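Chain by chain, the residues:
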Amino acid sequence: MVRALLRPSLDGTVGTPSAASFSGPEGRTALHAAAACSKEIAEEILGWKPDGLNLLTRVDSTGRTPLYFAALSGRPDVVEMFLETHASDEAIRISDNHGLFPVHAAAMVGNTRIVDALIKKCPDYYELVDDGGRNFLRCAVQHNQETVVRHICRNDKFGMLLNATDTQGNTPLHLAAKHGYPRIAILLLQKTSVETGIMNKNGLTALDLACKELKPGLTYFLNPHVVVFDCLNWSRAPHTTGGVNINIMGGNPSEDEAPNEHDDDPSKTGTIASVLIATVAFAAAFTLPGGLVADDHPGAGTAVLARRFAFRAFVVSDAMAFLCSIVATNLLIYAARRVPLSHRYWYNILASRLVPVGEQFTIAAFAFGFNLVLGDANRGLVVFVYAACLATELFCFPGIWISMHLGLAKAIWRQAGWRGLANVHEGSSSLREWFRLFTSSLVYGHLERPVFVVLISATFIVAIALNFALPHY
């Protein structure tokens, strides 16, 4: 398109008034096309006489200027070149048909260099809002541009944008909660100046919106909406009376609440998994690696490798896998009966925590069993098996490590201190309530999920070391 718009006129010259004023598809000029692809061509078009500079304020059928196109295309070199002209003072304040300005476009594509260049040229940037009353921070949040949000949160001069509301009364935190952007919500909550209690025109706070976006059956702790809800809840963000379902916040379901058709699906899946683990663990207990001592030898019927460290680790792992899975199976069987919903809730919660532990110990038993079977002549394979099993422990249970880099602790600490991290409420009246709240806290989650993996990993390391240092121990 740029070449077509730069095609010489009949007299062989480029830069005639007719060429400069030529409009292509959707009313876009040559400068519109050049702004998105080439600084050199755009600079040449601006030098056209007599109306090259006037093209900077020309809009297409959507109301967008060449400066808007350069910002939307992420071309900081072209934007900075445009801003050096005297016509940029007017172009920077021209919005498109939806009220979006060039600074909004830069925020939507996540280019902080362009954002800085535009607000430096336009000190009243905070007054530039679209038809919905949104500033450029809200556009960055809505398009999940974490880089721009982090840049704004790190600069105190942007403080006036953090709690600004649009025509619906929503703040940037409302948007992050509604769309389920955990990293952006955490960045905003790390700023103590962010107000979590602002209500929009529907009377809903950010926590209310986060709760409303939670879908039944999708409360897995790595669900982005769940992470946002937990972060706001642990940060002591206020909520309205009817905005938050107490069941999601950790309370017991109402007795008269009708069971959902999806309630039994997780229970069935968990029951199948726990039964399989129990079956495998039970079978492994009577098919021991290394076999049994023959009847004509002392200690007949006992394990041949009973004195080996790896064998003892295998027995402990197999027993833990069997016990965790069989207890989980019984809890899920009770939960499938016509019991009160509050009991069913806790049965499913406990079972959902026991089944992963059983899976972890099953993997560990597999590694120790392989160690015993491979023996001392295949030390390289033994190390490989342990490394593969440890990687499986980490990748099959991402809750062990993934939540650490979300910055949840920093945001919660700044908003609610240690009480937020431990989910301790001042109004907790009983030890049972305190325990229930603590078991749904960030601190407990970071202690519960890694503890068995750390123990299993340490045992792996000891087993490898003994395999090299004391082969027959």
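Residues numbered from 1 in each chain as written. Predicted model: local features only at pLDDT ≥ 70, side-chain atom pairs only at ≥ 80, totals over all residues. Heavy atoms only, no water.

Brief notes about the overall build of the chain
Phase 1 of the analysis: Within the chain, the regular secondary structure consists of 23 helices and zero strands.
Phase 2 of the analysis: Taking all 473 residues of the chain together, the buried fraction comes to 47%.
Phase 3 of the analysis: Contacts in the chain between residues far apart in sequence, at least 24 positions, make up 71% of those at least 6 positions apart.
Phase 4 of the analysis: When the accessible surface of the chain is totalled, it reaches about 23500 Å², and 60% of it is carbon and sulfur. (Helix = DSSP H or I, 4+ residues; strand = E, 2+ residues; numbered from the N terminus. Buried < 20%, exposed > 50% of the residue type's maximum accessible area, 1.4 Å probe, protein only. Contact = heavy atoms within 4.5 Å. Areas by Shrake-Rupley, 256 points an atom, 1.4 Å probe, with all protein chains shown as cover.)

Side note on unusual backbone geometry
Phase 1 of the analysis: Of note in the backbone geometry, N144 takes a positive phi value of approximately 55° without being a glycine.
Phase 2 of the analysis: With respect to the secondary-structure elements, N144 resides in the loop between α10 (136-142) and α11 (146-154).
Phase 3 of the analysis: Residue classification places N144 among the partly exposed positions, given a relative accessible area of 40%.
Phase 4 of the analysis: Positioned with a positive phi, R236 is a non-glycine residue whose angle comes to about 65°.
Phase 5 of the analysis: Its place among the elements puts R236 in the loop between α16 (224-234) and α17 (264-285).
Phase 6 of the analysis: The partly exposed category is assigned to R236, whose relative accessible area is 27%.

Here we look at the UniProt feature "transmembrane region" (unreviewed entry) in the chain
Phase 1 of the analysis: With numbering matched to this structure, UniProt assigns "transmembrane region" (unreviewed entry) to residues 270-289, 309-333, 354-374, 380-404 and 451-470.
Phase 2 of the analysis: Helix makes up 100% of residues 309-333 and strand 0%, whereas the separation of the span's terminal C-alpha atoms amounts to 36 Å.
Phase 3 of the analysis: Helix makes up 95% of residues 451-470 and strand makes up 0%, while its end C-alpha atoms are separated by 27 Å. (UniProt positions renumbered as here; feature names shortened; annotations may be inferred.)

Let's talk about the packing of aromatic side chains
Two aromatic rings, taken as a pair, are described by how far apart their centres are and by the angle between their planes.
Phase 1 of the analysis: Counted by the stated rule, this structure contains twelve aromatic pairs.
Phase 2 of the analysis: Considering the side-chain rings of F136 and F158, the 6.2 Å spacing of their centres and the 80° angle between planes classify their relative orientation as edge-to-face. Here the residue F136 occupies a position in helix α10, and F158 occupies one in the loop between α11 and α12 (159-162), the gap between them amounting to 22 residues.
Phase 3 of the analysis: Accessibility expressed as a relative area gives 0% for F136, which makes it buried.
Phase 4 of the analysis: Judged by centre distance (6.2 Å) and plane angle (40°), the ring pair of F282 and F322 falls under tilted. Of this pair, F282 sits in helix α17 while F322 sits in helix α18 (residues 309-335); the two residues are 40 residues apart in sequence, bridging distant segments of the chain.
Phase 5 of the analysis: Put simply, the rings of Y125, F136 and F158 pair up and form one aromatic cluster. (Phe/Tyr/Trp six-rings, centres within 6.5 Å; stacked < 30°, edge-to-face > 60°.)

Describing the nonpolar core
Phase 1 of the analysis: One finds F82, L118, F136, V149 and L232 to be the most contacted residues of the largest nonpolar core, which totals 80 residues.
Phase 2 of the analysis: Broken down by element, this core gets its largest block of residues, seven residues, from α16.
Phase 3 of the analysis: In this structure, L232 is in contact with L173, A177, L189, A206, L207, A210 and A237, ignoring residues within four places of it in sequence.
Phase 4 of the analysis: I277, A281, L331 and V357 belong to the second-largest nonpolar core, a separate cluster that totals 27 residues. (Core = buried A, V, L, I, M, F, W, Y, C linked by side-chain atoms within 4.5 Å.)

What to know about α16
Phase 1 of the analysis: Burial analysis of α16 places ten of its eleven residues in the buried class, which makes it a mostly covered element.
Phase 2 of the analysis: Of all the positions in α16, only H225, V226, V227, V228, F229, D230, C231, L232, N233 and W234 are classed as buried.
Phase 3 of the analysis: Lining the buried residues of α16 we find α13 (172-179), α14 (182-189), α15 (206-212), α21 (408-422) and α23 (442-469).
Phase 4 of the analysis: Immediately beyond the C-terminal end of α16, within one or two residues, lies R236, with a positive phi of roughly 65°.

Observations regarding the environment of C122
Phase 1 of the analysis: For C122, the position within the fold is in the loop between α9 (112-121) and α10.
Phase 2 of the analysis: C-alpha separation for the pair C122 and S88, spaced 34 residues apart in sequence, amounts to 9.8 Å.
Phase 3 of the analysis: Those residues within four positions of C122 in sequence are excluded, and the remaining contacts are I92, R93 and L128.

A word on the side chain of N371
Phase 1 of the analysis: Considering the arrangement of structural elements, one finds N371 in helix α19 (residues 341-374).
Phase 2 of the analysis: Here the side chain of N371 touches N467 through a polar contact of 3.0 Å, side chain to side chain.
Phase 3 of the analysis: With near-sequence residues (within four places) excluded, N371 lies in contact with A310, V382, Y386, A463 and N467. (Polar contact = N/O pair within 3.5 Å; in protein donor to acceptor, adjacent residues only side chain to side chain.)

Examining the environment of F438
Phase 1 of the analysis: Its location among the elements puts F438 in helix α22 (residues 431-438).
Phase 2 of the analysis: With relative accessibility at 19%, the residue F438 sits in the buried group.
Phase 3 of the analysis: In sequence terms F438 and N423 are 15 residues apart; their C-alpha atoms lie 5.6 Å from each other.
Phase 4 of the analysis: Residues in contact with F438, not counting those within four places in the same chain, are A422, N423, V443 and Y444.

Some details on the packing of α13 against α16
Phase 1 of the analysis: Between α13 and α16, whose axes approach to 8 Å, the crossing angle comes to 135°. In terms of their interaxial angle, α13 and α16 are classed as oblique. Here L173, A176, A177, K178 and H179 of α13 come into contact with α16, specifically with H225, V228 and L232.
Phase 2 of the analysis: Of the residues assigned to the contact of α13 with α16, the class counts are five nonpolar, two polar and one charged. (Axes fitted to C-alpha atoms, helices over the stretch in contact; angles between N-to-C directions. Parallel < 35°, antiparallel > 145°, perpendicular 65-115°, else oblique. Nonpolar A, V, L, I, M, F, W, Y, C, P; charged D, E, K, R; others polar.)

Re a nonpolar patch on the surface
Phase 1 of the analysis: Where nonpolar side chains cluster on the molecular surface, the patch consists of L323, I326 and V327 and spans about 220 Å² of accessible area.
Phase 2 of the analysis: Structurally, V327 can be placed in helix α18.
Phase 3 of the analysis: For V327, a relative accessible area of 41% translates into the label partly exposed. (Patch = residues over 30% accessible without salt bridge, like charges linked within 9 Å, V, L, I, M, F, W, Y side chains within 5 Å. Salt bridge = Lys/Arg side-chain N within 4 Å of Asp/Glu carboxyl O.)

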